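Close look at the chain arrangement
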Amino acid sequence: MKFIIDNIFLIALALVSGVALLVPYLQQRGNKLSLLQATQMLNQGKTLVLDVRDTSQFAAGHLRDARNIPLKELPQRIGELDKLKGRAVIVVCQNGSQAMKAESTLKKAGFADVYGLQGGIAAWQGQGLPLTVKDAK
């Protein structure tokens, strides 16, 4: 008992560190696709790629046939995607962190199969996968 009392701060620090490491695994992070899974879905066709990065980032390089609707504009522009509700949607952002917000917005709008690209464009480029450079659609 004396050991616990003498080292209460170290024990508390260890517990807080352990909880901090577990929190990301316990939170709901949406449906994530690995690069391989995303590539397979893209090759099968009938998949909508929605890039939620800013227009300038999109113009610098994006996945083939991707549509660009920046995340901050998505709630107002989601009507542009209504005719595509039957397709699976892969949401792409720079590093995978903004995709979760877009997934939530799309699911509320009635899209059933919505996935985020794990690691985003940064992971895609890191694996040497191709990007297209041209104007936003």
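Before reading further, recall that the structure is shown in the block above.
The text that follows walks through the structure, step by step, so that each part is easy to find. Only a predicted model underlies this, so the values are computations on that prediction, with no experimental measurement involved.

This paragraph deals with the nonpolar core. Core analysis: the largest hydrophobic core is formed by 17 residues, its most contacted members being Leu-50, Val-52, Leu-81, Val-89, Val-91, Leu-106 and Phe-111. Broken down by secondary-structure element, the contributors of at least two residues to this core are β2 (47-51), β4 (88-92) and α6 (99-108). The greatest single-element share of this core, amounting to three residues, is contributed by α6. Leu-63, Ala-66, Val-92 and Trp-124 belong to the second-largest nonpolar core, a separate cluster that totals 15 residues.

Quick look at a nonpolar patch on the surface now. A cluster of nonpolar side chains, Met-1, Phe-3, Ile-4, Ile-5, Ile-8, Phe-9, Ile-11 and Leu-15, forms an exposed patch at the surface whose accessible area comes to about 940 Å². Looking at the nonpolar patch, the elements with two or more residues in it are α1 (2-6) and α2 (8-26). On the secondary structure map, Ile-4 appears in helix α1.

With that out of the way, let us pick up the pairing of strand β5 (residues 114-117). Pairing analysis gives two bridges linking strand β1 (residues 32-33) to β5, with the strands arranged parallel. Note on β5: the bridge partner recorded for Leu-33 is Leu-117. Of the pairings in the sheet, the one linking β4 to β5 comprises three bridges and is parallel in character. Bridge pairing in β5 places Val-91 opposite Gly-116. The handedness of the β4 to β5 crossover, carried by α6, is right-handed.

Our next topic: the packing of aromatic side chains. In the structure shown here, the tally under the stated rule is zero aromatic pairs. Looking at Lys-85, its charged tip hangs above the ring of Phe-111, at a distance of 6.0 Å from the centre.

About the cut-offs
- Residues numbered from 1 in each chain as written.
- Predicted model: local features only at pLDDT ≥ 70, side-chain atom pairs only at ≥ 80, totals over all residues.
- Heavy atoms only, no water.
- Core = buried A, V, L, I, M, F, W, Y, C linked by side-chain atoms within 4.5 Å.
- Buried < 20%, exposed > 50% of the residue type's maximum accessible area, 1.4 Å probe, protein only.
- Helix = DSSP H or I, 4+ residues; strand = E, 2+ residues; numbered from the N terminus.
- Patch = residues over 30% accessible without salt bridge, like charges linked within 9 Å, V, L, I, M, F, W, Y side chains within 5 Å.
- Areas by Shrake-Rupley, 256 points an atom, 1.4 Å probe, with all protein chains shown as cover.
- Salt bridge = Lys/Arg side-chain N within 4 Å of Asp/Glu carboxyl O.
- Pairing = 2+ DSSP bridges.
- Right-handed = clockwise from strand over helix to strand, strands pointing away.
- Phe/Tyr/Trp six-rings, centres within 6.5 Å; stacked < 30°, edge-to-face > 60°.
- Lys NZ or Arg CZ within 6 Å of the ring centre and 35° of its normal.

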